[in-house]
Each structure stands twice: as structure tokens, then as C-alpha cells.
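Each chain is listed here by its residues.
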Amino acid sequence: MIDWKPKACSLADELAELGKLTMPEWRAAVEATPRHEFVPAYYVHEAGRWQLADTSSPAGRDEWLRRVYSNTVLITALSDGDSGKVVRSSSSQPGLMVRMLEALDVHDGQRVLEIGTGTGYNAALLSHRLGADRVFSVDVDEDLVEAARARLAAIGHHPTVATVDGAGGLPGHAPFDRIIATCSVPAVPWSWIEQTRPGGLILTDVKPAVNAGSLVLLRRTDEGAEGRFDRTYAAFMGLRKPGAAYTSIARPRDRSNAVERTTSIAPGMLQNLVVWFLAALDLGAGASSGYTGSDPTQAPTAAWIATADRSWAEIDLQPDGGTYRVREGGPRSLWRAVETAHDTWLRLEQPGWDRFGLTVTRCGQWVWIDDPSSPRRWQIPT
Ligand SMILES: C[S@@+](CC[C@H](N)C(=O)[O-])C[C@H]1O[C@@H](n2cnc3c(N)ncnc32)[C@H](O)[C@@H]1O
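Bear in mind that the values here come from a model prediction, so they are computed numbers and not experimental data. Within any chain, residue numbers begin from 1 and follow the written order of that chain's sequence. Per-residue local features are limited, in this predicted model, to residues with pLDDT of at least 70; the limit for side-chain atom pairs, both in listing and counting, is 80 or more; totals at the level of whole chains, interfaces and linings are taken over all residues. Heavy atoms throughout the structure, all of them, feed into the side-chain values; hydrogens and water do not.

Trainee: Please provide a residue-by-residue account of the packing of helix H1 (residues 4-17) against helix H2 (residues 24-31), values included.
Mentor: Here, axes are lines fitted to C-alpha atoms. For helices the fit covers the stretch in contact, and angles between N-to-C directions go from 0 to 180 degrees. Only DSSP runs of H or I with at least four residues qualify as helices, and only runs of E with at least two residues qualify as strands; both kinds are numbered from the N terminus onward. Between H1 and H2, the shortest axis-to-axis distance is 8 Å and the interhelical angle comes to 145 degrees. Together, Trp4, Ala8, Cys9, Leu11, Ala12, Asp13 and Ala16 of H1 and Arg27, Val30 and Glu31 of H2 make up the contact between the two elements. For the contact of H1 with H2, a count of residues per class yields seven nonpolar, no polar and three charged. Throughout, a contact is declared for two residues whenever any of their heavy atoms are within 4.5 Å. Polar here means any residue outside two lists: the nonpolar Ala, Val, Leu, Ile, Met, Phe, Trp, Tyr, Cys and Pro, and the charged Asp, Glu, Lys and Arg; Gly therefore counts as polar.

Here it is as C-alpha cells:
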């Protein structure tokens, strides 16, 4: 028997100290929920590959419980990707989960749909708070849903858990007062708007491209939904199609058609995720970026960007006389989009996430700054 209650209480203390857990209702949910039941096993990335962590030896078991009852994301399922195993599901950082649950502003009697059941832990927190008959949760993979349902039942919760593509919501049980997605979407599915009551809230991570976007809280309006991005960046794994692994546009291998130039913008600017977001809104859906030199024993030498139209850019990490060498190929100059986004960001006085908002209508979705009526707006690429 695992004496988990003191551990759940100390997790709640940790989340409170971090400023993530402030509401007594959610503290009670964290204290009453045995996270270890939802994460009986987890993977670690060691020596360049994923492996199942040891949970059978005394030391392995201690480490498992230490991680489960701390503010730690735990990888719980993998699948085969183009170049090895890729993450399929995880138990998100508890601090992020409770921060989102608090932002969701739920009230007694409300019905909530969660997209991305995963382990079922978040559905357990919701079930504790609202009663399981008001909680609905969907995931795209049958095995995840079956396991989550069994774990929830084992601790006495029986929410509606279904295997569907969350992009379509759960129309048979709509309308919902709240929809919360614990996976990211390139744009907000219209079905979620339709399935939310007027005045209801949708909380999701909107990322039109890899790492480009963050959590946004939308209120259902007559025309669609509207709201602001959360001030703190967050990242979830993306919504994927049934039966598909996560994929992203790879760094191009053929770089024979490169055009060379220099830039004064350091490639480290890709780490400024607001600038990268603005650039990605221009680059188009699915743009990806990374660093050359995937061999972890060797330091990377360049950053790269690639888009669906086979454009690419590679920027040296080391400056040469105060500028950085850029090589580009394909129909568009991708680094130009980053330079322009950086310039826009400076002219807007270096805004953080919370100055941006999102409007969703049946006809389109666009990002705005400061105010929905602002003339500065960027279409979400589709
Ligand atoms: C970060 S995990 C969710 C964590 C979960 N809320 C928990 O408490 O453990 C993201 C989940 O989104 C799911 N997902 C991905 N694409 C989906 C889709 N199209 N529909 C529903 N769920 C999806 C993944 O299978 C994964 O389990």
C-alpha cells in the first residue's frame, strides 16, 4: 500500500508555493487524487532514446513516487515516428493543469468537456470538483481511453470518457459550459464553438506552428468566440489525426540551391516565442524550426526553419564580424519573416503574450493586439 495522501498534500503545497494553486476547491481536488494511480509507468529519455523507467526496484519506486508527486510532466505513451519513437501521451505538469483549471473559472453545476484524456488525471480533478456526471473527456486512442476509464473507476469516478477525434468535440453531449483542451490546435475547431453555451469558456493552446502560440481563454459570443492569451507561455503536444503519429516539417536535406546573405538578427531570436509566433503567422501552418547537429554530444552550429512549400533557412549560431550568415532556399525567404516579426515586435514595444488576443468566427480566426477592434491583426493560417 502506498501512503499517497501526505504526498498529494505536499504536491498541493508545492503548487501553492509556485503560485499555481490558489483556490481551495482545486487544492481539495489535488489532495484527494492519487496521481500514481494514473501514472503507473513512465518513460525517460536517456542516452538519446526513450526507455521505460524502472519502477520495480526500491530506488526506482522512490524515484517514480517522487516524480509523480511533484510538479513534473511524465511521458506515458510513445509511438513510432519517421525517425524513431515519438511521444504519444503524457501526464502534463500538475502546475500547468491546475493553472488551467483555475483559469477555466468553473462553477457548481457546470458541464465540462476535456479534449485529451491522456492518463485521466485531469478528468479526475474535474470529477472531484464538479461530480463525474458533469465531466466529459475524449482522446483519440482507444488504449489510452480504456486505461483512463479503468483508473478513474478504480478511485470511484465515472465520467463520460470516449474515443473520438477531439477536433469534432463530443456533439452528442453538447452543449458544454466549458471546453478545456490539454493538447494544442493549429486553429480553434469550429465544433468547439458550436458546442459551447453562449457566454461559456474555451481554454486551449493555439499553435499554428511548432512552439508558435500559447494558451488562450475564449468566451463564446454571438458571432463565435473571443479572448486573450494567458500571460505565461505554455506548450502541449498537438492534436493529431486518428491513427497518426506526431510529425513536423523536417529540416530539408537538399541544400544545393542555397542563396547566401547575412543578418543582424541573432538566431537566438527564435527563442523569443512571441517573435516566433508573429513570424509563424506569416510563414503558414506547420512551420517548424530546430538546430542542426542532432547528435547530443556535439554542439549545434546553426538554427533552421522549414515550411510546407519547401522553403528553408539556416542561420549560423556564431556571428562573424557582428552579423550571422544565412543560407536560404525554396520559393520564399523565411528568415525575412523572422526579421520582419522582430521589427514589428520592437515597434509594438515588445509585447508579452497577454497583450495578444484571438477572435474566432465561422469565416476566419485572427490574432489582435491590445483590443479586438485594433487595426493590427494577423490571420491564423490554415
Ligand atoms: C498532454 S496529453 C493530456 C494529458 C491529460 N489531460 C492527463 O491528465 O493526463 C495530450 C493528449 O491529447 C491526446 N490527443 C491528441 N490528438 C487528439 C485528438 N485528435 N483528439 C483527442 N485527443 C487527442 C493525446 O493522445 C494525449 O493523450
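Trainee: Quick one: what's the story with helix H6 (residues 121-130), residue by residue and with numbers?
Mentor: When a residue's accessible area, from a 1.4 Å probe over protein chains only, is under 20% of the maximum for its type it is buried; when over 50% it is exposed; and in between it is partly exposed. Across the 10 residues of H6, nine count as buried, placing the element largely inside the fold. Buried within H6 we find Tyr121, Asn122, Ala123, Ala124, Leu125, Leu126, Ser127, Arg129 and Leu130. One or two steps after H6, the chain reaches Gly131, where phi turns positive at roughly 95 degrees.

Trainee: Hey, could you go over the site of the ligand for me, with residue numbers and the actual values?
Mentor: Here a residue is considered near a molecule or strand provided that any single heavy atom belonging to it is located within 4 Å of it. Near the ligand, the surroundings consist of 28 residues, among which Ser89, Thr119, Asp139, Gly166 and Arg240 are the closest. Side-chain polar atom of Asp165 to a nitrogen atom of the ligand: 2.8 Å apart, as the coordinates give it. Here, Shrake-Rupley sampling with a 1.4 Å probe gives the accessible areas, and only protein chains in the shown set may cover a residue. Coverage of the ligand by the protein chains reaches 100% of its 600 Å² of free accessible surface. Counting residues per element, the ones that place at least two in the shell around the ligand are strand S4 (84-91), H6, strand S6 (135-139) and strand S8 (176-185). No other element matches S4, which puts four residues into the shell around the ligand. Of the residues assigned to the shell around the ligand, the class counts are 10 nonpolar, 13 polar and five charged. Think of a polar contact as two N or O atoms within 3.5 Å of one another; within protein, one of them needs to be a possible hydrogen donor and the other a possible acceptor, and neighboring residues in sequence only count if both atoms come from side chains.

Trainee: Tell me about the domain arrangement of the protein, residues and numbers included.
Mentor: Taken domain by domain, the protein consists of domain 1 (4-229) and domain 2 (259-347). Taken over C-alpha atoms, the centre of domain 1 sits 33 Å from the centre of domain 2. Contacts between the two partners involve seven residues from domain 1, matched on the other side by 10 residues from domain 2. Summed over both partners, buried area is the accessible surface (1.4 Å probe) that two parts give up on being assembled. Here domain 1 meets domain 2 over a buried area of about 640 Å², counting both sides, of which 72% is carbon and sulfur. Salt bridges are defined as contacts in which a side-chain nitrogen from Lys or Arg sits within 4 Å of a carboxyl oxygen from Asp or Glu. Counting the contacts that link domain 1 with domain 2 gives zero salt bridges. Here domain 1 and domain 2 share three residue pairs in polar contact (both at pLDDT 80 or more) between them. Each domain's limits were defined by an automated method or a database of domain assignments.

Trainee: Account for the sheet that holds strand S16 (residues 324-329), with residues named and values stated.
Mentor: Two strands qualify as a pair provided that DSSP identifies no fewer than 2 bridges between them. Reading across the sheet, the five strands line up as S12-S16-S15-S14-S13 and stay open at both edges, with antiparallel pairing between neighbours. Strand pairing shows two members of the sheet lacking a second neighbour, strand S12 (259-263) and strand S13 (288-291), which therefore form its edges. Strand-to-strand twist of the sheet, defined as the mean angle between neighbouring strand axes without regard to direction, takes the value 20 degrees. Along the sheet, helix H10 (residues 334-347) makes contact with S12, strand S14 (302-306), strand S15 (312-316) and S16, crossing S12 at roughly 20 degrees.

Trainee: Requested: an account of helix H5 (residues 94-103), with residues and values cited.
Mentor: Along H5, nine of the 10 residues are buried, which leaves the element largely enclosed by surrounding structure. Positive phi shows up at Asp105, right after H5, with a value of about 50 degrees.

Trainee: Break down unusual backbone geometry for me, citing the residues and quoting the values.
Mentor: The omega angle of the peptide bond from Ala174 to Pro175 is 5 degrees, so this bond is cis rather than trans. Among the secondary structure elements, Pro175 is positioned in the loop between strand S7 (160-163) and S8. Even without being glycine, Glu349 reaches a positive phi, approximately 65 degrees. Tracing the backbone shows Glu349 in the loop between H10 and strand S17 (356-361).

Trainee: Give me the sheet that holds strand S18 (residues 365-369): which residues, what numbers.
Mentor: Spatially, the 10 strands line up as an open sheet ordered S7-S6-S5-S8-S9-S10-S11-S17-S18-S19, and their pairing is mixed. Of all strands in the sheet, those with a lone pairing partner are S7 and strand S19 (377-379), marking the two edges. Sheet twist, expressed as the average angle between the axes of neighbouring strands with direction ignored, equals 20 degrees. Looking at chain direction, S8 and strand S9 (residues 196-209) are connected through six bridges and run parallel.

Trainee: I'd like a description of the pairing of strand S3 (residues 74-81), backed by residues and values.
Mentor: Alignment of S3 against S4, held across seven bridges, turns out to be antiparallel. By the bridge assignment, Asp80 is partnered in S4 with Lys85.

Trainee: I'd love a proper account of the side chain of His157, names of residues and values included.
Mentor: Looking at the secondary structure, you find His157 in the loop between helix H7 (142-154) and S7. Here His157 falls in the buried class, since its relative accessible area comes to 14%. When neighbours within four sequence positions are excluded, His157 is seen to be in contact with Ala124, Ser127, His128, Ala132 and Leu152.

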